[in-house]
Amino acid sequence: MTTKDTEKTQTPAQTEVTQAEPKELPPHSVQLDEPIKRGDQIISVITLRKPRSGELRGLSVQDVLQLDYNSLQKLLPRISTPTLTEQDVANMDTADLTAVGTELVGFFVQKQRKEEAYLQA
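Conventions and cut-offs
- For every chain, the first residue of its written sequence is number 1, and the numbers climb from 1 along that sequence.
- In view of the model being predicted, local features appear only for residues whose pLDDT reaches at least 70, and side-chain atom pairs are presented and counted only at 80 or more, with totals across whole chains, interfaces and linings using the full set of residues.
- Only heavy atoms go into the side-chain values, all of them from the structure, while hydrogens and water stay out.
- One side-chain nitrogen of Lys or Arg within 4 Å of one carboxyl oxygen of Asp or Glu is enough to make a salt bridge.
- Think of it in three bands: with a 1.4 Å probe and only protein chains considered, a residue is buried below 20% of the maximum accessible area for its type, exposed above 50%, and partly exposed in between.
- Secondary structure elements are taken from DSSP: a helix is a run of H or I of four residues or more, a strand is a run of E of two residues or more, and numbering for both begins at the N terminus.
- Pairing between strands is defined by DSSP: at least two bridges between them are needed.

**Student:** Break down the pattern of salt bridges for me, with residues and values.
**Tutor:** Applying the stated criterion across every chain yields a total of 4 salt bridges. The closest approach of N and O atoms between Arg49 and Glu55, which form a salt bridge, is 2.4 Å. With a relative accessible area of 32%, Arg49 lands in the partly exposed category. One salt bridge connects Glu116 with Arg113, and the closest N-O pair in it is separated by 3.4 Å. With Glu116 and Arg113 both in helix α6 (residues 111-120) and 3 residues apart, this pair spans about one turn of that helix.

Here it is as structure tokens:
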């Protein structure tokens, strides 16, 4: 048996698997469990920036903080990179939407309060 024949007959269990180290994500980014497919583009990481007051127009801050779907669907396209569409948000996996919403809620807490919470934990 030649070396080529041996390589072809190995089972997946016999093949050594190397695991890539996870890349560090930029601040305020979420790695999606279920990437968003938009044509040929695949979005697997969403980065958020802190919304400005004008980007909250037409929305209730209370609804955003409660992760209200309609509020997230309006706000995320305004503050996400790559820019999501409302349809992208509608098609997101629920766990991913919750993770993105949770990251978003952190923007509404003052730095001092975050530090106090960190010190108490």
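Here the narrative resumes.
**Student:** Tell me about the pairing of strand β2 (residues 41-48), and name the residues and values.
**Tutor:** Summarising the sheet, strand β1 (residues 29-38) and β2 pair through 6 bridges and their orientation is antiparallel. Counted as the bridge partner of Ser29 is Thr47 from β2. Counting the residues in the hairpin turn of β1 and β2 gives 2 residues, including Gly39, whose phi is positive at 65°. Here 2 bridges tie β2 to strand β3 (residues 80-81), and the two strands are oriented antiparallel to one another. If you follow Thr47 over to β3, its bridge partner there is Thr81.

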